[in-house]
Amino acid sequence: MFQRENFYSDKKRYLIYLEVERGLSDNTIISYKLDLEKFEQFLIRENINYLSVHEENIFDFIKTESKRGCSPSTQARLISVLKSFYKYLLIEEKTESNPVSAISFPKKWKNIPKYLSIEEIFDLLKAPDAGKPTGIRDRAILELMYATGLRISETTGLSFENLYLEESFIKVRGKGSKERVIPFNENAGAEIVNYLENGRPRISRGKNPELVFLNKNGGPLSRQGLWKIIKGYGLKTGISADLTPHVLRHSFATHLLEQGADLRSIQLMLGHSNISTTEIYTFVAKDKVKKIYDKFHPRSKKG
């Protein structure tokens, strides 16, 4: 029988453990919490004690989520969360076994991540109105995100103490509070300097002196706000109605790989803990190589 109060108590302590012991970010912890709430609803419907869960129950839960449209990538995340949760319960001696330990992850990234061509990137970078302070800011943001592969939260949270203009690099504390150093190019540096000299002073109003990028009212630029800004430029340029910050990140990685960068360097710049996550970009590169082969090889049927 499901024990709501006990589950709630263990879930709460587990989330505190993720924050204090493992140093995960607020956004990651929220994601874990939402996934555990989905699992909780499943246990309630099936009237299962979370401390007596079997491997078959986990499979049933994943199948249920899959029928609701859950992607392979999301299924893998759910399994990862449950593996971690039950590992924690083992450590706390709340259970004698981990019912998720032998469950393998489904194949992720069935679809190649969306990315822009170099020509589309150049059109996007020219889209903001350089005559407006917010346009100057947006150019700096787009240049920096494409130059570094920053996540949206890493961009909005960038502080001056982690921006090294003269040395042309930034320090980022990403997922799991892991710090990484990422270089940026001269174009990004020039747009940032222009923003700091001609854009930011006109919108800051003396507020938030520690943050690099601000909204039009001088406050912190939110993740939702930046999402809307980038989506707006996607519509303006006709590139994509679904342009997201992550598409810029995918474009950064894909273009580096296409130009000959090694996978390990890309992994470090993206902040991936496991290189298998970065390997998806090799599929993009292979796809392009195959198209080039088909177009130019004299023995290719498509050539």
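For the structure itself, look to the data block above.
Residues numbered from 1 in each chain as written. Predicted model: local features only at pLDDT ≥ 70, side-chain atom pairs only at ≥ 80, totals over all residues. Heavy atoms only, no water.

A separate point is unusual backbone geometry. Unlike most non-glycine residues, Asn 47 shows phi in positive territory, near 55 degrees. Counting through the fold element by element, Asn 47 comes out in the loop between helix 2 (26–46) and helix 3 (55–67). Non-glycine residue Glu 93 carries a positive phi angle of around 60 degrees. Structurally, Glu 93 can be placed in the loop between helix 4 (72–91) and helix 5 (118–125). (Helix = DSSP H or I, 4+ residues; strand = E, 2+ residues; numbered from the N terminus.)

Judged by which residues are buried, strand 2 (residues 169–173) turns out to be one-sided: Ile 170 and Val 172 face inward and are buried, whereas Phe 169, Lys 171 and Arg 173, on the alternate face, are not. In terms of strand pairing, strand 1 (residues 163–164) meets strand 2 through two bridges, oriented antiparallel. Among the inter-strand pairings, Leu 163 is bridged to a residue of strand 2, identified as Ile 170. Counting the residues between successive antiparallel strands, the hairpin from strand 1 to strand 2 contains four residues, one of them, Ser 168, with a positive phi of roughly 60 degrees. Sheet analysis places strand 2 next to strand 3 (residues 179–183), joined by five bridges and oriented antiparallel. Its bridge partner lying in strand 3, Phe 169 is registered against Pro 183. (Buried < 20%, exposed > 50% of the residue type's maximum accessible area, 1.4 Å probe, protein only. Pairing = 2+ DSSP bridges.)

This paragraph deals with the sheet that holds strand 2. With antiparallel pairing, three strands are arranged side by side in an open sheet as 1-2-3. Here the strands that pair on one side only, and so sit at the sheet edges, are strand 1 and strand 3.

With that out of the way, let us pick up the pattern of salt bridges. Enumeration according to the criterion identifies 10 salt bridges in this entry. For Arg 77, the salt bridge goes to Asp 35, with nearest N and O atoms at 2.8 Å. Residue Arg 77 is located in helix 4, and its partner Asp 35 is located in helix 2; the two are separated by 42 residues in the primary sequence. A salt bridge links Glu 179 to Arg 173; its shortest N-O distance comes to 3.3 Å. The exposure class assigned to Glu 179 is partly exposed, which follows from its relative accessible area of 46%. Among the ionic contacts, a cluster of salt bridges with common partners joins Asp 10, Arg 13 and Lys 94. (Salt bridge = Lys/Arg side-chain N within 4 Å of Asp/Glu carboxyl O.)

Moving on to helix 1 (residues 4–20). A rise of 1.5 Å per residue sets the reference length of helix 1, with its 17 residues, at 24 Å; its end C-alpha atoms lie 24 Å apart and thus fit the reference within 8%. When we look at burial in helix 1, the residues that qualify are Phe 7, Asp 10, Lys 11, Tyr 14, Leu 15 and Leu 18. Considered in projection along helix 1, the buried side chains sweep an arc of 140 degrees and stay on one side of the axis. Exposed side of helix 1, more than 90 degrees from the buried face: Glu 5, Tyr 8 and Val 20 are the residues found there. Packed against the buried residues of helix 1 are helix 2 and helix 4. (Expected span 1.5 Å × (residues − 1). Arc of directions from axis to C-beta. Contact = heavy atoms within 4.5 Å.)

Attention shifts here to the packing of helix 5 against helix 10 (residues 245–258). One can describe the packing of helix 5 onto helix 10 by two numbers: an axis separation of 11 Å at closest approach and a directional angle of 135 degrees. By the angle between their axes, helix 5 is oblique relative to helix 10. Seen along the crossing, helix 5 lies across helix 10 with a hand that is left-handed. On helix 10, the residues touching Ile 118, Ile 121 and Leu 124 of helix 5 are Leu 248, Ser 251 and His 255. Here the residues of the contact of helix 5 with helix 10 are counted per class, giving four nonpolar, two polar and no charged. (Axes fitted to C-alpha atoms, helices over the stretch in contact; angles between N-to-C directions. Parallel < 35°, antiparallel > 145°, perpendicular 65-115°, else oblique. Left-handed = near helix turned anticlockwise from the far one by under 90°. Nonpolar A, V, L, I, M, F, W, Y, C, P; charged D, E, K, R; others polar.)

What follows concerns helix 10. The first and last C-alpha atoms of helix 10 sit 20 Å apart over 14 residues, in line with the 20 Å expected at 1.5 Å per residue. Judged by how many residues are buried, helix 10 sits mostly within the fold: 11 of 14 residues are covered. Looking at helix 10, one finds that the buried residues are Pro 245, Val 247, Leu 248, Arg 249, His 250, Ser 251, Phe 252, Ala 253, Thr 254, His 255 and Leu 257. Taken from the residues just after helix 10, Gly 260 is the one with a positive phi, measuring 105 degrees.

With that settled, consider the packing of aromatic side chains. Counted by the stated rule, this structure contains 14 aromatic pairs. Centroid distance Phe 39 to Tyr 86: 6.3 Å. Interplanar angle 80 degrees. Geometry classified as edge-to-face. Remark: Tyr 86 occurs in helix 4 and Phe 39 occurs in helix 2; sequence separation between them is 47 residues. (Phe/Tyr/Trp six-rings, centres within 6.5 Å; stacked < 30°, edge-to-face > 60°.)

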